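# Per-entry structural report
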Amino acid sequence: QVQLVESGGGLVQPGGSLRLSCAASGSIFSIYVMGWYHQAPGKQRELVATITTGGNTNYADSVKGRFTISRDNAKNTVYLQMNSLKPEDTAVYYCSADLSKTSTGITYRYWGQGTQVTVSS
């Protein structure tokens, strides 16, 4: 059993900041890529940012320069620091982890339950 538990969402004014956290636990052999996605009402889930075990990052163009993804491999935790938030950042944010449960190397993607981020005055 693998669980990803997110925290840190909430209501913030435009221009404000939030920090999301996501901790993975359970039967985990190794975690490869961790990431954040968001889904606004009526829209598809979209990539926000990803980070590899070695720290290589990838960002959606819409968040470059405003959001920073990081991870603590020892804690199996990924973070998303969100600055200069805009109303269009409003969405449910989901964390993901591409991981293997055994040494076979077979990898599965797991998702968190989602946390609401609302940017409004």
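Just above sits the structure.
Let me sum up the structure you'll find in this document. Every value quoted in this text rests on a predicted model; they were computed, and no experiment measured them. (Residues numbered from 1 in each chain as written. Predicted model: local features only at pLDDT ≥ 70, side-chain atom pairs only at ≥ 80, totals over all residues. Heavy atoms only, no water.)

## A look at the layout of surface pockets
A probe matching the size of a water molecule, rolled over the atoms, marks out where space remains unfilled. Note the cut-off: A cavity here means a set of 1 Å grid points, computed over protein atoms only, where a 1.4 Å probe fits but cannot escape. A pocket is an open set with protein on both sides within 12 Å along at least 5 of 7 lines, and lining residues have an atom within 4 Å of a point. Grid points are joined across faces, edges and corners, and a volume is the space filled by probe spheres set on the points. In the scheme used here, Gly and all other residues not listed as nonpolar or charged are polar, with Ala, Val, Leu, Ile, Met, Phe, Trp, Tyr, Cys and Pro taken as nonpolar and Asp, Glu, Lys and Arg as charged.
Estimates place the volume of the largest pocket at around 170 Å³. If you trace the largest pocket, you find 14 residues lining it, with H38, K43, E46, E88 and D89 closest to the centre. In the lining of the largest pocket, the residues fall into three nonpolar, five polar and six charged.

## Here's the deal with the sheet that holds strand β1 (residues 2–7)
Note the cut-off: Note: two strands are recorded as paired if DSSP finds a minimum of 2 bridges between them. Helix numbering and strand numbering both begin at the N terminus, where a helix is a DSSP run of H or I of at least 4 residues and a strand a DSSP run of E of at least 2. Axis definition: a line fitted to C-alpha atoms, over the contacting stretch in the case of helices. Angles run 0 to 180 degrees between N-to-C directions.
As summarised here, the arrangement of the four strands in space is β1-β3-β8-β7, forming an open sheet in which the pairing is antiparallel. Two strands in the sheet have a free side with no partner beyond their single neighbour: β1 and β7 (67–72). Ignoring which end each strand starts from, the neighbouring axes of this sheet average 15° apart. Where β1 lies against strand β3 (residues 18–26), six bridges are found, and the strand directions are antiparallel. The residue of β3 that forms the bridge with V5 is A23.

## What about the pairing of β7?
Using the following cut-off: Partly exposed describes any residue whose relative accessible area lies between the buried limit of under 20% and the exposed limit of over 50%, with all areas from a 1.4 Å probe on protein chains only and scaled to the type maximum.
Going residue by residue along β7, you find F67, I69 and R71 tucked away on one face and T68, S70 and D72 left uncovered on the opposite face. In this structure, β7 lies alongside strand β8 (residues 77–82), joined through six bridges in antiparallel fashion. The residue bridging T68 from the neighbouring strand is Q81, located in β8. Adjacent in sequence and paired antiparallel, β7 and β8 are bridged by four residues, among which N76 carries a positive phi angle near 50°.

## Considering the state of the cysteines
Counted only if it meets this: Any cysteine sulfur atom paired with another within 2.5 Å is treated as part of a disulfide.
In total, this model carries one disulfide according to the counting rule given. The disulfide bridge from C22 ends at C95, spanning 1.9 Å between sulfur atoms. An S-S torsion of about 40° defines the bridge between C22 and C95 as right-handed. Of this pair, C22 sits in strand β3 while C95 sits in strand β9 (residues 91–100), placing them 73 residues apart in sequence. Assigned by exposure class, C22 and C95 land together as buried.

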